[in-house]
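# An overview of the molecular structure
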Amino acid sequence: MDKLSAGLIVYPSISLVEDIGGGATSRVWSAENYLSGKKCALKCFSDNKKNNKYYENEVEILKLIECSQIINLIANSTMLTTVQYIVMDYCPTSVSKVLNKFMTLHKTGLPINMSKFIFSQLLQALDYLHSHEIVHTDIKPDNILITTELSSITNDSLPCIKLIDFGTSYKNGKGVCKTLGTPGYVAPEVIVLGHIGKKADIWSAFAMLVEFITGDFLFDIFDECDIEYNYVFNIKGFPSASASFTDTEYTLVEYKYLVLLYIILGKPTYEYYEYGNDFYNFRGQPRNDTTTIPRSLTISDCFTLYNIDTPIVLEILPIIEQCLDYNTELRLSAAELLKLNWFNN
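Small disclaimer: the values here were computed from a predicted structure and weren't measured. (Residues numbered from 1 in each chain as written. Predicted model: local features only at pLDDT ≥ 70, side-chain atom pairs only at ≥ 80, totals over all residues. Heavy atoms only, no water.)

Bringing the environment of Asp220 into the picture now. Here Asp220 shows up in the loop between helix 5 (198–214) and helix 6 (229–232). Sequence-wise, Asp220 and Lys256 are 36 residues apart; in three dimensions their C-alpha atoms are separated by 9.5 Å. (Helix = DSSP H or I, 4+ residues; strand = E, 2+ residues; numbered from the N terminus.)

Secondary-structure assignment places Ile320 in helix 10 (residues 311–323). Sequence separation between Ile320 and Phe206 is 114 residues; the distance between their C-alpha atoms is 6.1 Å. Every residue in contact with Ile320, bar those within four places of it in the chain, is listed here: Phe206, Leu209, Val210, Ile213, Ile299 and Phe303. (Contact = heavy atoms within 4.5 Å.)

Glancing now at the pattern of salt bridges. Within the structure shown, the criterion is met by six salt bridges. With its nearest N and O atoms 3.0 Å apart, the salt bridge here joins Asp19 to Arg27. Overall, Asp19 belongs to the partly exposed group, its relative accessible area being 32%. The class of Arg27 is partly exposed, set by a relative accessible area of 28%. Asp165 is the salt-bridge partner of Lys43, the closest N and O atoms lying 3.1 Å from each other. Of the two residues, Lys43 is situated in strand 4 (residues 39–46) and Asp165 in the loop between strand 10 (161–163) and strand 11 (170–171); the sequence distance between them amounts to 122 residues. The buried category is assigned to Lys43, whose relative accessible area is 7%. On the basis of relative accessible area, Asp165 is assigned to the partly exposed category, the value being 23%. Taken together, the salt bridges that share partners define one network made up of Lys43, Glu58 and Asp165. (Salt bridge = Lys/Arg side-chain N within 4 Å of Asp/Glu carboxyl O. Buried < 20%, exposed > 50% of the residue type's maximum accessible area, 1.4 Å probe, protein only.)

Given below as structure tokens:
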């Protein structure tokens with residue numbers, strides 16, 4: 001991807017403008033149709049076997065989708081010999097940047113009406129995907145784009161969203177990757193049991209909703225200042241929070257995440273420690289050689305700590321707790337959630 005540069009024409013009448021971000025498998029560029037002047041975005045994948053799988057999976061799924069809350073595939077091409085890319089709608093910012101703006105300026109999460117509006121759109125996107133037997137697998141603020149400029153978003157804004165990043169998504173129970181999701185948002189059954197289903201998306205969405213409301217991660221595996229961190233940092237062999245984790249260390253990251261779940265949610269259901277004995281002992285407690293891990297917080301405690309235990313937040317608390325339950329059968333579907341007044345008022 002080092003051959004990409006501003007001004008390069010990568011698709012008929014479309015030229016690259018600026019590298020605006022990316023991850024391990026791809027970079028995203030803002031681009032412009034120089035005939036119409038219309039902006040778009042290009043997601044560019046480096047040409048190797050692993051990334052080709054993500055590219056092909058994303059293209060295949062996006063071609064099936066017609067939903068206003070999901071990014072639109074304009075075109076895809078392999079015209080360049082070393083780069084495969086997807087041409088998509090351009091969105092100027094993301095939910096993660098909006099969250100960061102409110103935390104920086106106001107030391108708060110998103111205004112409650114904005115949280116509800118964004119989350120309701122996400123539920124519409126998930127309802128659409130799940131009705132077409134598609135599981136996103138990586139719901140998080142970085143993967144939800146906003147269609148308006150960050151500078152124009154205020155306390156009263158109700159911004160529209162576009163869900164992105166379908167490279168690891170599953171269709172009809174099949175996908176291209178088994179290491180799924182992002183620690184802090186991924187559902188526990190994905191890590192421990194290898195179960196990849198629609199209710200995993202619901203878990204991720206509600207872990208994110210708590211972040212919308214509080215402005216902070218519910219399960220923050222990287223913050224050494226967190227209350228929970230004092231209980232888990234001295235796990236034998238665990239890297240420091242500032243470490244760059246390799247694939248071989250990834251299991252340790254997952255383990256710490258499961259410890260945080262135990263602290264806030266308590267002991268998992270029996271199947272977790274029956275089949276996940278790499279992570280749990282026979283009592284359902286996280287395996288730990290050096291620390292006794294208490295259950296110290298609840299989700300309600302988190303709201304109290306941030307002084308946001310208001311009636312409108314407490315109204316949705318039972319639903320949050322239900323959708324962050326180890327038992328997937330207890331979590332509501334996107335269609336069921338959309339019927340609740342909280343997401344429609």
